[in-house]
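Geometric and topological summary
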Amino acid sequence: MKQEEKTRITYEKILNAAIKEFGTKSYENASLNTICSENHIAKGLLYHNFKNKDDLYLQCVKICFHALVEYLHTISFSEENMVDNFKNLIQQRQLFFEQNPYYGNIFFYVLLQPPVHLQNELSQIRREFDEFCLLHYRNLVKSISLRKEIKEETAIQYFVLFQEMFNGYFQKKLQISDNFHTVIQDHEMNLSQIFDIFLYGIAQKSTDDV
């Protein structure tokens, strides 16, 4: 076996082990020692391929987000009903994480509990995913009848802000809960309902309001 092939196999072995470690624990609780000991990887080899824990973690996050976006690009969307398209997008994301639970853990920790010192790097990694979602926001906004005083760009900004507030709510829940996966399940179960509330509001207009 050529040295290049050995190097590639070692690199992939480390990455696969790290995805499992970061895919079952938070960044803080994940351990390079565990990655090495449980997978019979010499620590010297790990540091030969990756600078440190941050470097290895960021590579795992890149793989996770790239795989998610690649999967979402395979989904067929109808040009007639953008609201159903967006709900389908949410459902497909959930399906992807059911099929790839390690990626799901990595994704939601990035979304709701990212390492503070890596936020800039994580924002860069998220860009492709965020731009994909933004494109769907734009298509959705163009397909619905907006109130006369609301412009398309304003609606998109509201949509992004609303989503950030929704995520922020669950970030606070994580501060008082010791069960990350229960919070995530709650997050995903409420996502479609929050989407409907954003689009249609919560109050029924009376005839006096018209």
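Fair warning: this is a prediction, and the values are worked out from it, not measured in the lab.

**Focus: the nonpolar core**
Phe22, Leu56, Tyr57 and Phe107 are the most contacted members of the largest nonpolar core, which totals 58 residues. Sorting the residues of this core by element identifies α1 (3-22), α2 (32-39), α4 (53-73), α5 (82-99), α6 (101-112), α7 (119-143), α8 (152-176) and α9 (180-200) as the ones contributing at least two each. Of all the elements, α4 adds the most residues to this core, at 11 residues. Ignoring sequence-local partners within four residues, the contact set of leucine 56 consists of Ile14, Leu15, Ala18, Phe22, Leu32, Ile35, Leu46 and Phe50.

**Observations regarding α9**
Taking 1.5 Å of rise per residue, the 21 residues of α9 would be expected to cover 30 Å, and the 30 Å separating its terminal C-alpha atoms lies within 8% of that figure. The largest bend in α9 is about 40°, located at leucine 191. Those residues of α9 not exposed but buried are Phe180, Val183, Ile184, His187, Glu188, Leu191, Phe195 and Leu199. Close packing links the buried residues of α9 with α5, α6, α7 and α8. By the N-cap criterion, in which a side-chain oxygen at the helix start approaches the backbone nitrogen of a residue two or three places on, α9 is capped by asparagine 179, the distance to threonine 182 being 3.0 Å. After α9 finishes, the residue glycine 201 shows a positive phi value of roughly 80°.

**So, the packing of α4 against α6**
Direction vectors running N to C along α4 and α6 enclose 105°, while the axes themselves pass 10 Å from each other. Looking at the two axes, α4 sits roughly perpendicular to α6. Side by side, α4 and α6 meet where Tyr57, Cys60, Val61, Ile63, Cys64, Phe65, Ala67 and Leu68 of the first sit next to Tyr103, Ile106, Phe107 and Val110 of the second. Considering only residue class, the contact of α4 with α6 consists of 12 nonpolar, no polar and no charged.

**Thoughts on the environment of glutamate 153**
Mapped onto the elements, glutamate 153 comes out in helix α8. In this structure glutamate 153 comes out as partly exposed when scored by relative accessible area, which is 38%. Linking glutamate 153 and lysine 142, residues 11 residues apart in sequence, is a C-alpha distance of 10.0 Å.

Here is what the cut-offs are and how they apply
- Here the residue index of a chain counts from 1 through its sequence in written order.
- Local features in a predicted model are, by the rule used here, given only for residues with pLDDT of at least 70; side-chain atom pairs are given and counted only at 80 or more, and totals for whole chains, interfaces and linings are based on all residues.
- Only hydrogens and water are removed before side-chain values are computed, so all heavy atoms of the structure are retained for them.
- Working definition of a nonpolar core: buried Ala, Val, Leu, Ile, Met, Phe, Trp, Tyr and Cys residues. They are joined through side-chain atoms within 4.5 Å.
- Burial classes: relative accessible area under 20% of the type maximum marks a residue as buried, over 50% as exposed, and values in between as partly exposed (1.4 Å probe, protein chains only).
- Put simply, DSSP marks the helices as runs of H or I at least four residues long and the strands as runs of E at least two long, and each gets a number from the N terminus on.
- The contact criterion used is simple: two residues touch if any of their non-hydrogen atoms lie within 4.5 Å.
- Take the number of residues in a helix, subtract one, and multiply by 1.5 Å to get its expected span.
- Across the chain, bend at a residue is computed as the angle between axes fitted to the seven residues ending at that point and the seven starting from it.
- Any N or O atom pair separated by 3.5 Å or less is treated as a polar contact, with the protein-specific requirement of one donor-capable and one acceptor-capable atom, and with residues adjacent in sequence counted only for side-chain atom pairs.
- Angles shown run from 0 to 180 degrees and are taken between the N-to-C directions of axes, each axis being a line fitted to C-alpha atoms and, for helices, limited to the stretch in contact.
- Here is the rule for angles: anything less than 35 degrees is roughly parallel, anything more than 145 is roughly antiparallel, 65 through 115 is roughly perpendicular, and the remaining ranges are oblique.
- Residue polarity is assigned by list, with Asp, Glu, Lys and Arg as charged and Ala, Val, Leu, Ile, Met, Phe, Trp, Tyr, Cys and Pro as nonpolar; anything else, Gly included, falls into the polar class.

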